[in-house]
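# A structural walkthrough
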Amino acid sequence: MRSAVALSFALLAGGCLSHHWGPMPGEPRRATFVQLEGTRVRYVDRGQGPAVVLLHGFASALDTWERIVPRLARDHRVIALDLKGFGWTDRPAGDYSPRAQARLVKALLDARGVTGPVALVAHSWGASVALAFALRYPSRVSRLALYDAWVYEEQLPTFFLWARTPGLGEALFSLFYEERPDERLAMAFYDPSVITERFAEDVERALARPGTVAAALAAVRGQRYDLVQQRYRSIGVPALLLWGREDAVTPLSYGERLARDLPDARLVVYPRCGHLPMIEAAGASTRDLVQFLAEGAP
């Protein structure tokens, strides 16, 4: 009864989720930002050589790649960003679809003077941004490396589908998006010992940043893979798919499906690994990534 009353109240208050522009409390002092398309975007740009762009997953940030950036920067120019609505980047009102995020990535590359083809490395929902970029700007992509990709309509949970409904989505995200982050974290890993107290606290602090819930809802509503997934077969660049065998978020069957859909794809599976091979299979997956990128270097 109490939950029903709460949901009814939230439905009446639907549409009240607030967005956010500008600095947020606790912002890293050394973070670098650039204004792009009305959005203040946090990014890093390190190293020299062929350009590699790193795209994080849903409810994440460029810090996902902190173990990988130093290794890649030995041989590449590495550019990573907090996508719109996540990390320390603004949470404005507007379009959060993979296509819109891809446009933001291109704007960052243009602003940093990167005009030639780049290798896109992406995780989970970030893979949908990478594929949207490849579909819209095919001449700007040399190869794709996708970790545990979240790119099919069939992957979307019922919660996400319900959230498309005006009012209901606001109610659901107001009530539940910030609830039980520890359980969602546990689902992402094969080995729960990876989730340290500091890790869990960082996630909770990220969820509490202003505008985060509104941005997450907008990003969920932008996931209309039914309108684009049939076009993946037209992406002809070499692709490496890196997958955790025990991934409960994006099961391996979707990696096998994507390997069939992308014309030039190779699937590598890591045992005893969940949704984040860059953490649970850091040594092997980073070695495979470095080798794959080297194959495409001039």
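Let us look at the structure shown here.

Thresholds, definitions, all that
Residues numbered from 1 in each chain as written. Predicted model: local features only at pLDDT ≥ 70, side-chain atom pairs only at ≥ 80, totals over all residues. Heavy atoms only, no water. Helix = DSSP H or I, 4+ residues; strand = E, 2+ residues; numbered from the N terminus. Rg over C-alpha atoms; globule rule 2.2 N^0.38 Å. Buried < 20%, exposed > 50% of the residue type's maximum accessible area, 1.4 Å probe, protein only. Contact = heavy atoms within 4.5 Å. Lys, Arg positive; Asp, Glu negative; His and termini not counted. Charge placed at Lys NZ, Arg CZ, Asp CG, Glu CD. Phe/Tyr/Trp six-rings, centres within 6.5 Å; stacked < 30°, edge-to-face > 60°. Lys NZ or Arg CZ within 6 Å of the ring centre and 35° of its normal. Pairing = 2+ DSSP bridges. Right-handed = clockwise from strand over helix to strand, strands pointing away. Axes fitted to C-alpha atoms, helices over the stretch in contact; angles between N-to-C directions. Parallel < 35°, antiparallel > 145°, perpendicular 65-115°, else oblique. Nonpolar A, V, L, I, M, F, W, Y, C, P; charged D, E, K, R; others polar. Salt bridge = Lys/Arg side-chain N within 4 Å of Asp/Glu carboxyl O. Patch = residues over 30% accessible without salt bridge, like charges linked within 9 Å, V, L, I, M, F, W, Y side chains within 5 Å. Areas by Shrake-Rupley, 256 points an atom, 1.4 Å probe, with all protein chains shown as cover. Core = buried A, V, L, I, M, F, W, Y, C linked by side-chain atoms within 4.5 Å.

Time to look at the overall build of the protein chain. From N to C terminus, the protein chain includes 12 helices and eight strands. In terms of overall size, the protein chain behaves like a compact globule, its C-alpha atoms giving a radius of gyration of 19 Å where 298 residues would be expected to give roughly 19 Å. In terms of overall dimensions, the protein chain has C-alpha extents of about 60 × 40 × 40 Å along its principal axes. Counting all 298 residues of the protein chain, 51% fall into the buried class. Within the protein chain, contacts between residues separated by at least 24 positions form 77% of all contacts whose residues are at least 6 apart in sequence. Charge-centre separation for the protein chain: the mean point of 35 positive side chains lies 5 Å from the mean point of 32 negative side chains.

What follows concerns the packing of aromatic side chains. Summed over the entire model, instances satisfying the criterion amount to 14 aromatic pairs. Residues Tyr152 and Tyr232 carry aromatic rings whose centres are separated by 5.8 Å and whose planes lie at 65 degrees to one another, so their mutual orientation is edge-to-face. Of this pair, Tyr152 sits in the loop between strand S6 (141–147) and helix H5 (158–162) while Tyr232 sits in the loop between helix H9 (212–221) and strand S7 (239–244), placing them 80 residues apart in sequence. Connected via pairs of aromatic rings, a cluster forms that spans Phe58, Phe86, Trp125, Trp150, Phe159, Phe160, Phe173 and Tyr177. Sitting over the ring of Phe33, Arg40 keeps its end group 3.7 Å from the ring centre. Taking the ring centre of Tyr96 as reference, the NZ or CZ of Lys84 above it sits at 4.6 Å.

Counting buried positions along S6 gives six out of seven residues, so the element sits mostly inside the fold. Note: strand S5 (residues 118–123) against S6, six bridges, orientation parallel. By the bridge assignment, Leu120 is partnered in S6 with Leu144. Once you follow S5 into helix H4 (residues 125–136) and on to S6, the crossover reads as right-handed. As paired strands, S6 and S7 are joined by four bridges and run parallel to one another. For Tyr147, the partnering residue across the bridge sits in S7 and is Leu242.

Turning to the packing of helix H3 (residues 98–111) against H4, a few remarks are in order. Each pair of packed helices gets described by two things: the angle between the helix axes and the distance between those axes. One can describe the packing of H3 onto H4 by two numbers: an axis separation of 8 Å at closest approach and a directional angle of 70 degrees. Taken together, the axis directions place H3 and H4 in an arrangement best described as roughly perpendicular. Between H3, through Pro98, Arg99, Gln101, Ala102, Arg103, Val105, Lys106 and Leu109, and H4, the contact on the second element is made entirely by Trp125, Ser128, Val129, Ala132, Phe133 and Arg136. Of the residues assigned to the contact of H3 with H4, the class counts are eight nonpolar, two polar and four charged.

Note on sheets: strands pair through backbone hydrogen bonds, and any given pair is parallel or antiparallel. Across the sheet, eight strands lie side by side as S1-S2-S4-S3-S5-S6-S7-S8; this open sheet has mixed pairing. Strands with a single pairing partner mark the edges of an open sheet, and in this sheet they are strand S1 (32–36) and strand S8 (265–270). If you compare each strand with its neighbour and ignore which way they point, the axes differ by 25 degrees on average. On the sheet, H4 packs against strand S3 (51–55), S5 and S6 and is oriented at approximately 150 degrees with respect to S5.

A few words now on the pattern of salt bridges. What the rule picks out here adds up to 17 salt bridges. In this structure, Asp45 and Arg112 form a salt bridge, with 3.0 Å as the shortest nitrogen-oxygen distance. Of this pair, Asp45 sits in strand S2 (residues 39–46) while Arg112 sits in the loop between H3 and S5; the two residues are 67 residues apart in sequence, bridging distant segments of the chain. Taking relative accessible area as the criterion, Asp45 reaches 22% and is therefore assigned partly exposed. With a relative accessible area of 32%, Arg112 lands in the partly exposed category. Salt bridges sharing common partners tie together Arg42, Asp63 and Asp82.

Further remarks concern a negative patch on the surface. Together, Asp182, Glu197, Glu201 and Glu204 line one region of the surface with negative charge. Ranked by residues supplied to the negative patch, first place goes to helix H8 (residues 197–207) with three residues. On the secondary structure map, Glu197 appears in helix H8. Overall, Glu197 belongs to the exposed group, its relative accessible area being 62%.

Among the nonpolar cores identified, the biggest contains 62 residues, and Leu55, Val105, Leu144, Leu146, Tyr232, Leu258 and Leu262 are the most heavily contacted of them. When residues of this core are assigned to their parent elements, the largest contribution, nine residues, is made by H4. Ignoring anything within four residues of it in the chain, the contact list for Leu258 reads Leu146, Ala149, Val151, Tyr152, Tyr232 and Leu241. Core analysis: the second largest hydrophobic core is formed by 31 residues, Leu54, Leu62, Leu185 and Met278 among them.

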